[in-house]
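Each chain, written out:
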Amino acid sequence: MKFPRDSRELYRVFRNASDPELSELEGEYLVDMLTVWPSFKRFSHRKIFYRENNKLLGHNVLLNVSWGRFFIEEDICKDLDSIKVAVINYNRPENLFHIRPIRDHIRRVDNGMYYIGRFNYLVSGRLIFLGYFSLEKIK
């Protein structure tokens, strides 16, 4: 699937995407930053999702180095009329202090093969939107 690179179009795609199914999130997904940030897709930037003790967890891989451990939770995106999102929450003790405030919001596109995400950073209790990214399931 080819995602637009225009922020207005990505906003529409995100709003029109379906509610995420946490039960579908498992395995490896290729990450492509769609706005603002450079894409590390060519360096095989991935998010790995797995279940452990009935919790959905994961981490990033870039250049075959693991970083940014996270857990997944359901929530709403208050900035967009309270639509349902899966939150990739990096607030874990093993992460460095500047990684912990990351809160990615994702929504499902194309039956779970693709997700669109909003990269957010928590500052003084408020989420600051920093850009869009996509997740593509690696078969």
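It should be noted that the structure appears before, not after, this text.
Reading guide: rules and limits
- Residues numbered from 1 in each chain as written.
- Predicted model: local features only at pLDDT ≥ 70, side-chain atom pairs only at ≥ 80, totals over all residues.
- Heavy atoms only, no water.
- Salt bridge = Lys/Arg side-chain N within 4 Å of Asp/Glu carboxyl O.
- Helix = DSSP H or I, 4+ residues; strand = E, 2+ residues; numbered from the N terminus.
- Buried < 20%, exposed > 50% of the residue type's maximum accessible area, 1.4 Å probe, protein only.
- Pairing = 2+ DSSP bridges.
- Phe/Tyr/Trp six-rings, centres within 6.5 Å; stacked < 30°, edge-to-face > 60°.
- Lys NZ or Arg CZ within 6 Å of the ring centre and 35° of its normal.
- Patch = residues over 30% accessible without salt bridge, like charges linked within 9 Å, V, L, I, M, F, W, Y side chains within 5 Å.
- Areas by Shrake-Rupley, 256 points an atom, 1.4 Å probe, with all protein chains shown as cover.

Q: It is not clear to me how the pattern of salt bridges should be interpreted in this structure. Could you clarify?
A: One side chain can pair with another of opposite charge once the charged atoms of both are near each other. Applying the stated criterion across every chain yields a total of ten salt bridges. A salt bridge links D32 to R5; the nearest nitrogen and oxygen atoms lie 2.9 Å apart. One end of the pair, D32, is in strand 1 (residues 27-33); the other, R5, is in the segment before helix 1 (7-16), with 27 residues separating them in the sequence. Here D104 ties to K47 by a salt bridge, and the two come within 3.6 Å at their closest N and O atoms. In this pair, D104 sits in strand 6 (residues 103-109) while K47 sits in strand 2 (residues 46-52), placing the two residues 57 residues apart along the sequence. Since its relative accessible area comes to 3%, D104 is described here as buried. By relative accessible area, K47 is classed as buried at 4%.

Q: I'm lost on the pairing of strand 3 (residues 55-62) in this one. Help?
A: Looking along a regular strand, one sees the side chains alternate between the two faces of the sheet. Counting buried positions along strand 3 gives six out of eight residues, so the element sits mostly inside the fold. In the sheet, strand 2 pairs with strand 3 via seven bridges, with the strands oriented antiparallel. Residue pairing for strand 3: K47 is matched across the bridge by N60. Counting the residues between successive antiparallel strands, the hairpin from strand 2 to strand 3 contains two residues, one of them, N53, with a positive phi of roughly 50°. As paired strands, strand 3 and strand 4 (residues 65-77) are joined by five bridges and run antiparallel to one another. Paired with V61 across the bridge in strand 4 is S66. In this antiparallel pair of consecutive strands, strand 3 and strand 4, the connection spans two residues, and L63 shows a positive phi of 55°.

Q: So what exactly am I meant to see when it comes to the packing of aromatic side chains here?
A: The geometry of an aromatic ring pair is captured by two quantities: the separation of the ring centres and the angle between the planes. Under the definition given, this model contains seven aromatic pairs. A network of ring pairs unites the aromatic residues Y29, F49, F70, Y90 and Y115 as a single cluster. Against the face of F14 rests R118, its NZ or CZ located 5.8 Å from the ring centre. A cation over a ring is seen here: R118 above F129, with NZ or CZ 4.0 Å from the ring centre.

Q: Hey, could you run me through the environment of F119 in this one?
A: As for its placement among the helices and strands, F119 is situated in strand 7 (residues 114-123). For F119, a relative accessible area of 14% puts it in the buried group. With 80 residues separating them along the chain, F119 and S39 place their C-alpha atoms 13 Å apart.

Q: I would appreciate a short explanation of the environment of V123 in the present structure.
A: Position of V123 relative to the elements: it lies in strand 7. Look at V123 and you get partly exposed, because its relative accessible area is 41%. On a C-alpha basis, the gap between V123 and P101 in space is 7.3 Å, while along the polypeptide they are 22 residues apart.

Q: What is the right way to look at a nonpolar patch on the surface in this model?
A: Taken together, the side chains of F40, F43, L63 and V65 define a hydrophobic patch exposed on the protein surface, amounting to about 360 Å² of accessible area. The residue F40 is located in the loop between strand 1 and strand 2 in this model.

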